[in-house]
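Structural description and commentary
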Protein chains: 2
Amino acid sequence: MLGNTKHADVAAGDAGFPERLDAVAADTESLLDRLLGAAPVAGERARPGRLLEAMRYASLGGGKRFRPFLAVEAAALFGGDRARALMVGAAVEFVHCYSLVHDDLPAMDNDDLRRGRPTTHKAFDDATAILAGDALLTLAFDVLGRPETHPDAAVRIDLVLALARASGLGGMVGGQMLDLAAEGRFNGNVPQPLDRAATETMESMKTGALLRFSCVGGAIVAGADKDAQAALDRYGTAVGKAFQVADDLLDAVGDAATVGKATGKDAGLHKATLVRIMGVDGARRALADLVAEAEAAVAPFGPKADILRAAARFVAERSH
Amino acid sequence: MLGNTKHADVAAGDAGFPERLDAVAADTESLLDRLLGAAPVAGERARPGRLLEAMRYASLGGGKRFRPFLAVEAAALFGGDRARALMVGAAVEFVHCYSLVHDDLPAMDNDDLRRGRPTTHKAFDDATAILAGDALLTLAFDVLGRPETHPDAAVRIDLVLALARASGLGGMVGGQMLDLAAEGRFNGNVPQPLDRAATETMESMKTGALLRFSCVGGAIVAGADKDAQAALDRYGTAVGKAFQVADDLLDAVGDAATVGKATGKDAGLHKATLVRIMGVDGARRALADLVAEAEAAVAPFGPKADILRAAARFVAERSH
């Protein structure tokens, strides 16, 4: 997740980045609140109160909404309708939030706190947290299926397939599995260190796939052609990698007070990270290369893509 | 889930029911096996072995595949393509299987055995079971999104939306939440008995919604019109209710050896069931009414619907 880097840290030439990030976050919050309303929609029998409350707890009131931001700004690059792009952003945010709820469970990472407040299973209970996660994941596909997301069913089905591939066995869930395995969870707590290639695969699935989907999904909903979608895929891939390297650097060298969580935790857990493999200086160089790669991917779109370039720099800059 | 009633119990005039149930089960098994292959599909980076193994463990080699049967036979009623209907059946079966994996977890029903073998979290571990369930749910939407399910994207998106509504907050997951609440799980283990209306709502969500989707989904994929879809919805609703009443009766009066699991468990758990509210005789009468209701719903389709009528009787007959 994004650290607590202040917006003021973003350099000049930010293409209005902080304001635009905040605007998407505000619009996303309103949309998620509406999608998690108390009234059942067609085909639903009832919305049980405790379950809805847990889903709202897990997804409202927090986060920079960086994934929705990527979806909205990727769509804007092609003149896409903002309301539709926000629906794509809401879907990806529901997937992101469900994954945090399940990852925090005692059987997984066993975390009691997230963003300074009790995790969902601490605020409710384990059973409710499992079900809330399941329902959030299901809701993501519900959102993509609605005509409000796009009038053309073919576009919506493209989004459903892309999100499913990014989120499941061959994407985010698979990446979480590889990460737990590397920690030695299935081998009597004996860490199974990953080499560089295996670490990159794990990270590209665990955190990269959803960030990449955000960019490509924004392009899809805006009607971008295949070449443009491929460019956004390259951009999203580079941003996803940069995101992970920056996160690892924060953990390795960040000051706990600045980062807002305990640092040095990865080393203690023998987690697979590129910083462990490349060293801090190597990781910093890799980060600069990744930002350049992200910028190059959107170079063909000219100044319209300035905001996406600023976003790539923002991701990298939160590492120091 | 379906009990272990032998096919031989089905009365004459069964429209070839046992053979057709077995045929769908065999075709479904092959399809699930193929969908859970080792090779990544487009958009997937890798399929981690342990996760795939757990998904296969949770979904292959068991069950009558009654939901896929309903989807295939509902589609057949409208001359729908069998291969496409099997894709719908596979999607609903993945949802059913994921729900069993999550329901069996220690934090939920804490069951060690299912169909006479260790539950997924016992055969693997809790973290793997959580992730396998998540990935199976995601795969269900992936399957519905594929062109193989139907060449028309509008049909596929109808299926996605219907499955999402049947499975999530306002459907199956919501029903499980209501059931846990009735058991007193969120009130210091003090049961909160449901009245008849609340029990019917809970059951219509927890088990009814997915059975209803199976029928309606089969109609949708076969291109049935809205009136015909509504008829299959009424049929599926009645079958879903009959399914639950028969299950409750089996628990209340069944012999453990015949049923294949401990009986009388619901009473011990103070579970909300219609048998508790209506008594055994009242429940038997209700069951007969539900079968008649299911038969009436498909009456307009004439002898072509004999197989669906036989299915309704099969559901009821497994109660004794």
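Bear in mind the structure is a predicted one, so any value in this text is a computation, not a measurement.

Reading guide: rules and limits
Residues numbered from 1 in each chain as written. Chains lettered and ligands numbered in written order. Predicted model: local features only at pLDDT ≥ 70, side-chain atom pairs only at ≥ 80, totals over all residues. Heavy atoms only, no water. Helix = DSSP H or I, 4+ residues; strand = E, 2+ residues; numbered from the N terminus. Buried < 20%, exposed > 50% of the residue type's maximum accessible area, 1.4 Å probe, protein only. Contact = heavy atoms within 4.5 Å. Buried area = accessible area lost by both parts, 1.4 Å probe. Salt bridge = Lys/Arg side-chain N within 4 Å of Asp/Glu carboxyl O. Polar contact = N/O pair within 3.5 Å; in protein donor to acceptor, adjacent residues only side chain to side chain. Axes fitted to C-alpha atoms, helices over the stretch in contact; angles between N-to-C directions. Parallel < 35°, antiparallel > 145°, perpendicular 65-115°, else oblique. Nonpolar A, V, L, I, M, F, W, Y, C, P; charged D, E, K, R; others polar. Least-squares fit on C-alpha atoms with pLDDT ≥ 70 in both. Phe/Tyr/Trp six-rings, centres within 6.5 Å; stacked < 30°, edge-to-face > 60°. Lys NZ or Arg CZ within 6 Å of the ring centre and 35° of its normal. pLDDT = per-residue confidence, 0-100.

1. Focus: the overall build of chain A
Scanning chain A for helices and strands turns up 14 helices and two strands. Taken across its 320 residues, chain A has 59% of its residues classed as buried.

2. Some remarks on the interface of chain A and chain B
When the parts of a complex come together, some accessible area is lost, and that lost area is often used as the size of the interface. The interface of chain A with chain B comprises 54 residues on the first partner and 54 residues on the second. Here chain A packs against chain B, burying approximately 4,800 Å² in sum over the two surfaces, 75% of which is carbon and sulfur. Among the residues of chain A in contact with chain B, A:Arg45, A:Arg165 and A:Leu169 are the three that bury the most area, contributing 16% of the side total. The tally of links from chain A across to chain B stands at two salt bridges. Our enumeration of links across chain A and chain B arrives at 10 residue pairs in polar contact (both at pLDDT 80 or more).

3. Here we look at the pattern of salt bridges
If charged atoms from side chains of opposite charge come close, those side chains can pair. Inspection of the entire model under this criterion finds 30 salt bridges over all chains. In this structure, A:Glu200 engages A:Arg196 in a salt bridge whose closest nitrogen and oxygen atoms are separated by 3.4 Å. Pair noted here: A:Glu200 and A:Arg196 are both in helix α9 (residues 196–221), with a separation of four residues, about one helical turn. Exposure remark for A:Glu200: the relative accessible area of 29% places this residue in the partly exposed category. Taking relative accessible area as the criterion, A:Arg196 reaches 42% and is therefore assigned partly exposed. Where B:Asp104 meets B:Arg114, a salt bridge forms, and the shortest distance between an N and an O atom there is 2.8 Å. A residue pair is termed long-range when its members are at least 10 positions apart, and B:Asp104 in helix α4 (residues 82–104) and B:Arg114 in strand β1 (residues 113–114) qualify at 10 residues. By sharing partners, the salt bridges in this structure join A:Glu29, A:Arg65 and A:Glu93 into a single network.

4. Details of helix α8 (residues 172–182) of chain A
Of all 11 residues making up α8(A), nine are buried, and the element is well covered by its neighbours. Taken as a whole, α8(A) has its buried residues at A:Met172, A:Val173, A:Gly174, A:Gly175, A:Gln176, A:Met177, A:Asp179, A:Leu180 and A:Ala182. On its buried side, α8(A) packs onto α4 (82–104), α7 (153–167) and α9 of chain A together with α2 (49–59) and α6 (126–145) of chain B.

5. Some remarks on the packing of helix α1 (residues 17–35) of chain B against α4(B)
Residues and elements named next belong to chain B. Between α1 and α4, whose axes approach to 10 Å, the crossing angle comes to 70 degrees. When the axes of α1 and α4 are compared, the pair comes out roughly perpendicular. Contacts between α1 and α4 involve Ala23, Val24, Asp27, Thr28, Leu31, Leu32 and Leu35 on the former and, on the latter, Arg82, Leu86, Met87, Ala90, Glu93 and Phe94. Of the residues contributing to the contact of α1 with α4, the split by class is nine nonpolar, one polar and three charged.

6. A look at the relation of the copies chain A and chain B
Rotating chain A by 180 degrees and moving it 0.0 Å along the rotation axis overlays it on chain B with an RMSD of 0.0 Å. The symmetry that links the two subunits is that of a two-fold axis.

7. With respect to the packing of aromatic side chains
Per the counting criterion, the structure on display carries 15 aromatic pairs over all chains. The interplanar angle of 85 degrees and the centroid separation of 5.4 Å between the aromatic rings of B:Phe78 and B:Phe301 together place this pair among those described as edge-to-face. With B:Phe78 in the loop between α3 (66–77) and α4 and B:Phe301 in the loop between α13 (274–297) and α14 (306–317), this pair connects stretches of sequence that are 223 residues apart. Taking relative accessible area as the criterion, B:Phe301 reaches 17% and is therefore assigned buried. Site record: aromatic cluster; members linked through ring pairs are A:Phe17, A:Phe66, A:Phe69, A:Phe243 and A:Phe314. Over the ring of A:Phe186 we find B:Arg50, and its NZ or CZ is 4.1 Å from the ring centre. Looking at B:Arg117, its charged tip hangs above the ring of B:Tyr57, at a distance of 4.0 Å from the centre.

8. Structural notes on unusual backbone geometry
Peptide bonds are, in most cases, trans, and in most cases residues other than glycine have a negative phi. Phi at A:Asn189 is positive, roughly 65 degrees, even though this residue is not glycine. Tracing the sequence through the fold places A:Asn189 in the loop between α8 and α9. Its relative accessible area of 60% is what places A:Asn189 among the exposed residues. Of note, B:Asn110 is a non-glycine position whose phi angle comes to about 55 degrees, a positive value.

9. Description of the side chain of B:Arg146
Turning to its location among the elements, B:Arg146 is positioned in the loop between α6 and α7 (153–167). B:Arg146 gets classed as buried once you look at its relative accessible area, which sits at 11%. When near neighbours in sequence (up to four residues on either side) are disregarded, B:Arg146 contacts A:Leu161, A:Arg165, B:Leu35, B:Val41, B:Met87, B:Leu139 and B:Arg156.

10. Quick word on the environment of A:Ala197
All names here are of chain A. Mapped onto the elements of the fold, alanine 197 is located in helix α9. The class for alanine 197 is partly exposed, based on a relative accessible area of 48%. The sequence separation of alanine 197 and leucine 274 amounts to 77 residues, and the corresponding C-alpha distance is 9.7 Å.

11. Considering α2(B)
All of the buried residues in α2(B) are B:Leu51, B:Leu52, B:Ala54, B:Met55, B:Tyr57, B:Ala58 and B:Ser59. Looking at the buried residues of α2(B), the elements they touch are α8 of chain A together with α1, α4, β2 (117–118), α5 (120–123) and α6 of chain B. Looking at the residues trailing α2(B), positive phi occurs at B:Gly61, about 75 degrees.

12. Considerations on the packing of helix α9 (residues 196–221) of chain B against α13(B)
Residues and elements named next belong to chain B. Running from amino to carboxyl end, α9 crosses α13 at an angle of 105 degrees, the nearest separation of the two axes being 9 Å. In terms of axis orientation, α9 runs roughly perpendicular to α13. Along the contact surface, α9 presents Arg196, Thr199, Glu200 and Glu203, while α13 presents Leu274, Ile277 and Met278. In terms of residue class, the contact of α9 with α13 is built from three nonpolar, one polar and three charged.

13. Concerning the environment of A:Gly208
Within the fold, A:Gly208 resides in helix α9. Among residues more than four places away in sequence, those in contact with A:Gly208 are A:Glu203 and A:Gly240.

14. Notes on the environment of B:Ala90
Residue and element names in this part refer to chain B. In this fold, alanine 90 is placed in helix α4. Given the relative accessible area of 0%, alanine 90 is considered buried. Beyond its immediate sequence surroundings of up to four residues, alanine 90 is in contact with Leu31, Leu32 and Leu35.

15. Describing the confidence of the model for chain A
For chain A, per-residue confidence averages 91 on the pLDDT scale, and residues scoring 70 or more make up 89% of the total. Long-range and interchain partners of residues 1–12 of chain A, a stretch whose pLDDT sits below 50, account for 26 contacts in this model, where long-range means more than four residues apart.

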